[in-house]
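# Reading the structure
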Amino acid sequence: GIQKARTGRLKKPFLKVEDVNRSYRPFYLQLTSMPSINYCTHKPCSPFDIEKPSSVQKQVQPKPRINTDGDKCGGTPVQLQLKEKRKKGYCECCLQKYEDLETHLLSEKHKNFAQSNQYQVVDDIVSKLVFDFVEYERDTPKKKRIKYSV
Ligand SMILES: [Zn+2]
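Being a predicted model, the structure only gives us computed values, none of them experimental. (Residues numbered from 1 in each chain as written. Predicted model: local features only at pLDDT ≥ 70, side-chain atom pairs only at ≥ 80, totals over all residues. Heavy atoms only, no water.)

## Comments concerning the coordination of the zinc ion
For the zinc ion, the full set of protein donor atoms is Cys91 (SG), Cys94 (SG), His104 (NE2) and His110 (ND1), and the range of their distances to it is 2.0 to 2.3 Å. For the zinc ion, the four donor atoms in the first shell make angles of 105 to 114° at the metal, a pattern classed as tetrahedral. Each donor residue of the zinc ion lies on the same chain, and together they follow the pattern C-x2-C-x9-H-x5-H. A relative accessible area of 5% means that His104 is categorised as buried. (Donors = N, O, S within 2.8 Å, 3.2 Å for Na, K, Ca; no water. Tetrahedral: all angles 85-135°; square planar, octahedral: opposite > 155°, others 65-115°. Buried < 20%, exposed > 50% of the residue type's maximum accessible area, 1.4 Å probe, protein only.)

## Digging into the side chain of His104
Here His104 is to be found in helix α3 (residues 101-105). Engagement of the side chain of His104 in a polar contact is seen with the side chain of His110, the distance being 3.2 Å. (Helix = DSSP H or I, 4+ residues; strand = E, 2+ residues; numbered from the N terminus. Polar contact = N/O pair within 3.5 Å; in protein donor to acceptor, adjacent residues only side chain to side chain.)

## A few points about the confidence of the model for the protein
When pLDDT is averaged along the protein, the result is 81; 70% of the residues meet or exceed 70. A low-confidence stretch, residues 55-61 (pLDDT under 50), is modelled with three contacts involving residues beyond four sequence positions or located in other chains. Here residues 68-76 is modelled with pLDDT under 50, and outside its nearest four sequence neighbours on either side it reaches 13 contacts, counting other chains as well. (pLDDT = per-residue confidence, 0-100. Contact = heavy atoms within 4.5 Å.)

## Brief notes about a nonpolar patch on the surface
Together, Tyr119, Val121, Val122, Val126 and Leu129 make up an exposed nonpolar region whose accessible area comes to about 460 Å². Its place among the elements puts Val121 in helix α5 (residues 120-126). For Val121, a relative accessible area of 57% corresponds to the exposed category. (Patch = residues over 30% accessible without salt bridge, like charges linked within 9 Å, V, L, I, M, F, W, Y side chains within 5 Å. Areas by Shrake-Rupley, 256 points an atom, 1.4 Å probe, with all protein chains shown as cover. Salt bridge = Lys/Arg side-chain N within 4 Å of Asp/Glu carboxyl O.)

The following block contains the structure:
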């Protein structure tokens, strides 16, 4: 392929990782500022959390941190929630990237896989396990058949 040779030096601060044989493209990390250990964050927040400018107010009225997985110490929980709504990812069955999980699960390719015998390897392991739960009969609510007369 035609590749323009782009030459130059990386802007500081940076981190460059390259394999010793130089068989692969190096990869870089360039940040405006490198992480620094912040001992002022409240336990158990990450010491790499950057405190918001409004952190002064927060310290005055510390909120109890209960069941808040969302990062309160400088993250962007709103954006994270938006990301989760649309679950992008990679399907290891179809060897295919997808933009939306639900849509992919309904795709023809995935449905074919899900109904195939490709899960035999799982079933083989499951068959070695012992089923020792109490198995109730299915609750059968008396079938209410709604008959529509035409
Ligand atoms: Zn799939």
